[in-house]
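# Analysis of the macromolecular model
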Amino acid sequence: MSLRIVVCVKYVPDATGDRHFADDLTVDRDDVDGLLSELDEYAVEQALQIADEADDAEITVLTVGPEDAKDALRKALSMGADKAIHVEDDDLHGSDVMGTSLVLAKAIEKAGYDLVITGMASTDGTMGVLPAILAERLGVPQVTLLSEVKVEDGTVTGRRDGDSASEQLEASLPAVVSVTDQSGEARYPSFKGIMAAKKKPVESWDLDELDIEAEEVGLEGSWTAVDSAAQRPARTAGTIVKDEGEGGKQLAEFLAGQKFI
Amino acid sequence: MAEVLVYVDHVDGAVRKPTLELLTLARRIGEPVAVALGAGAEATAAVLAEHGAVKVLTADAPEFTEYLVVPKVDALQAAYDAVSPAAVLVPSSAEGKEIAARLAVRIGSGIITDAIDLEAGDEGPVATQAAFAASFTTKSRVSKGTPVITVKPNSAPVEAAAAAGTVEALAVTFGALATGTKVTSRTPRESTGRPELTEAAIVVSGGRGVNGAENFGIIEELADSLGAAVGASRAAVDAGWYPHTNQVGQTGKSVSPQLYIASGISGAIQHRAGMQTSKTIVAINKDAEAPIFDLVDYGVVGDLFEVVPQLTGEIKARKG
Ligand SMILES: Cc1cc2nc3c(=O)[nH]c(=O)nc-3n(C[C@H](O)[C@H](O)[C@H](O)COP(=O)(O)OP(=O)(O)OC[C@H]3O[C@@H](n4cnc5c(N)ncnc54)[C@H](O)[C@@H]3O)c2cc1C
Ligand SMILES: Nc1ncnc2c1ncn2[C@@H]1O[C@H](COP(=O)(O)O)[C@@H](O)[C@H]1O
């Protein structure tokens, strides 16, 4: 039987661009160029490697996001994923992690899965909690923050490098896995991959198709509210000296003045 | 007064500093009730009481160490059911965030992660967060359910405030999902004897400019002269010069010390994401155009192999 892998990928504003908030205090996704979150490339890469090892596997990439989020799906398809699902609905604008995770969980169930793979965190929201929430919602084991992952005979194993210990984990499928940027460099799409991606199927689903009411998601349906967002005041320009042989001593003098020594 | 649940991060009964900071914040919104799990849970009570915990709920079971995250969620939920708190505060570690998030789903509450400050507000606690690599500061609330909020280390001072700290055993029944993910082995990290990176008052970091694992000795020597923790950029970590546990930045640790010293680090946005909220920032870099200099209070344009040893020598001389 085929191993059904669903990879959750997010379309995010480019971190090297001028990221900011829109008037309604949601992340502005219009004015800044977007791309497939770099941290989700690692998830796609691990899915491809797991599929290579399996006798028979199918990789579906899934995103919840605006029209442009198709770019993220295309990139994942050109890396080698088989097909894509784009959940898109005007009512989704402004969803928080509870709303997004609800939509992803319903979509994953509808698509059918043995293994869900996500990145460690999105590069815009940087919460890093969605994988755990997905596992809770789907009622399957959570095997998260792996720097190494393997799937064999219906079991997923992996290494989680935590703050105080490195742990070896094991769970039966179906399961939700998240991988870190220590899991191995993601491949670049080849020219052949890019051409092939153009012909791969991308399905579009809306909230109706997932039996989700508009009130459950979006800005109104969020369980959190952002009241204000302010640009951090620029740091006051500091003193910069060129080392002419005394740089270390000058720095020590500064640190002493600040009572660090 | 409303009670506030505080999840305790401890190692065999030794409470880690971020939990004491949480107690300071919890007292702004109510009376802290601590939840300590695992081996040594009861031993946490004395220090928690000194910092304002009116009650300490404790539970120990093999499940907490043999399975990942979910047993702890079951226990925190048991505490939530017993107390009906006004808010739940959890330290923002990787595991803390996962525990908090799963609890939030179960109790139908919104979640805020990585708060850097917390105040009482008319419509519940108001959390301050840093967004977009700390270039923005936001204020948010949980608008549905009991606020579940995770707080970063170094977000509040540790304050003494004696309270009863009465120990009560917490009854926990584990659900079907608790044993879903087995921890088949655990290798504890070796202690370096240096302060914990996220908790340290001073962090000294090295980047690609350090140019080799063998050269990290000069970064460590500077750190030791200041009693600081050692950090590294991803470039230095990827090159294998320093362990990933010491990486500072978006995919490493986020630090907010009193003093951050960057040597041979250019200051890419992903690095800044993890250190931009430091109080005082100092950099040593031979390239005057390096973006790190936009952040500094004091910068030295020069060769780190000259500047850093001279600095270390001078610090040692001054300290006698
Ligand atoms: C999704 C994602 C996540 C990332 N997460 C992180 C993260 O968590 N942390 C992180 O740090 N990066 C992260 N990065 C990488 C980041 O973009 C940069 O590549 C990295 O921070 C560069 O490290 P560096 O400053 O040490 O190296 P470089 O950018 O190469 O800078 C080296 C600096 O050293 C200086 N130098 C060289 N020799 C000397 C000398 N002898 N004396 C003085 N100065 C010298 C040079 O002038 C230069 O400015 C991430 C990237 C991505 C895409
Ligand atoms: N809108 C989305 N669509 C698809 N996947 C997502 C979305 N948001 C988050 N994810 C996945 O969840 C992971 C963690 O996200 P977060 O908890 O938001 O930091 C990401 O690396 C993605 O794999």
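Residues numbered from 1 in each chain as written. Chains lettered and ligands numbered in written order. Predicted model: local features only at pLDDT ≥ 70, side-chain atom pairs only at ≥ 80, totals over all residues. Heavy atoms only, no water.

Chain B has the name Electron transfer flavoprotein subunit alpha in an unreviewed UniProt entry, where Streptomyces lavendulae subsp. lavendulae is given as its organism.

Looking up chain A in an unreviewed UniProt entry gives the name Electron transfer flavoprotein subunit beta, with the organism given as Streptomyces lavendulae subsp. lavendulae. Among the UniProt annotations of chain A, the heading Function (unreviewed entry) holds the following wording: "The electron transfer flavoprotein serves as a specific electron acceptor for other dehydrogenases. It transfers the electrons to the main respiratory chain via ETF-ubiquinone oxidoreductase (ETF dehydrogenase)." Under the UniProt heading Sequence similarities (unreviewed entry), the note attached to chain A is "Belongs to the ETF beta-subunit/FixA family." (UniProt positions renumbered as here; feature names shortened; annotations may be inferred.)

What follows is about the site of ligand 2. Residue and element names in this part refer to chain A. Inspection of the region around ligand 2 gives 19 residues, with Cys 8, Asp 40, Val 64, Ser 122 and Gly 128 positioned closest. Cys 8 is positioned such that a nitrogen or oxygen atom in its backbone is 2.7 Å from an oxygen atom of ligand 2. At 3.0 Å, a backbone N or O of Val 129 approaches an oxygen atom of ligand 2. About the coverage of ligand 2: the protein hides 97% of its 480 Å² of free accessible area. Contributing elements (two or more residues each) for the shell around ligand 2: β4 (57-64), α3 (97-111), β6 (115-119) and α4 (130-138). (Near = heavy atom within 4 Å. Polar contact = N/O pair within 3.5 Å; in protein donor to acceptor, adjacent residues only side chain to side chain. Areas by Shrake-Rupley, 256 points an atom, 1.4 Å probe, with all protein chains shown as cover. Helix = DSSP H or I, 4+ residues; strand = E, 2+ residues; numbered from the N terminus.)

By a frequent convention, interface size equals the accessible area lost on bringing the separate parts together. Between chain B and chain A, the contact holds 83 residues from the first and 78 residues from the second. Both faces combined, the contact of chain B with chain A buries some 7000 Å², and carbon together with sulfur accounts for 57% of it. Sorting the residues of chain B by area buried against chain A places Phe 132, Phe 136 and Tyr 298 of chain B first, and these three jointly supply 11% of that buried surface. Linking chain B with chain A are nine salt bridges. If one sorts the elements of the side of chain B that touches chain A by residue count, helix α5 (residues 94-107) of chain B sits on top with nine residues. (Contact = heavy atoms within 4.5 Å. Buried area = accessible area lost by both parts, 1.4 Å probe. Salt bridge = Lys/Arg side-chain N within 4 Å of Asp/Glu carboxyl O.)

Okay, the site of ligand 1 next. Of all residues adjacent to ligand 1, which total 27 residues, the nearest are Arg 208, Ser 233, Ser 266, Gln 270 and Asn 285 of chain B. In this structure, ligand 1 sits where chains A and B come together, each supplying nearby residues. At a separation of 3.0 Å, an oxygen atom of ligand 1 approaches a polar backbone atom of Gly 264 of chain B. For ligand 1, an oxygen atom lies 2.7 Å from a polar atom in the side chain of Gln 270 of chain B. Expressed as a share of its isolated accessible area of 990 Å², the protein-covered part of ligand 1 is 82%. Elements represented by at least two residues in the shell around ligand 1 include exactly α1 (38-53) of chain A together with α7 (234-238), α8 (269-272) and α9 (304-319) of chain B. Split into classes, the residues belonging to the shell around ligand 1 amount to seven nonpolar, 14 polar and six charged. (Nonpolar A, V, L, I, M, F, W, Y, C, P; charged D, E, K, R; others polar.)

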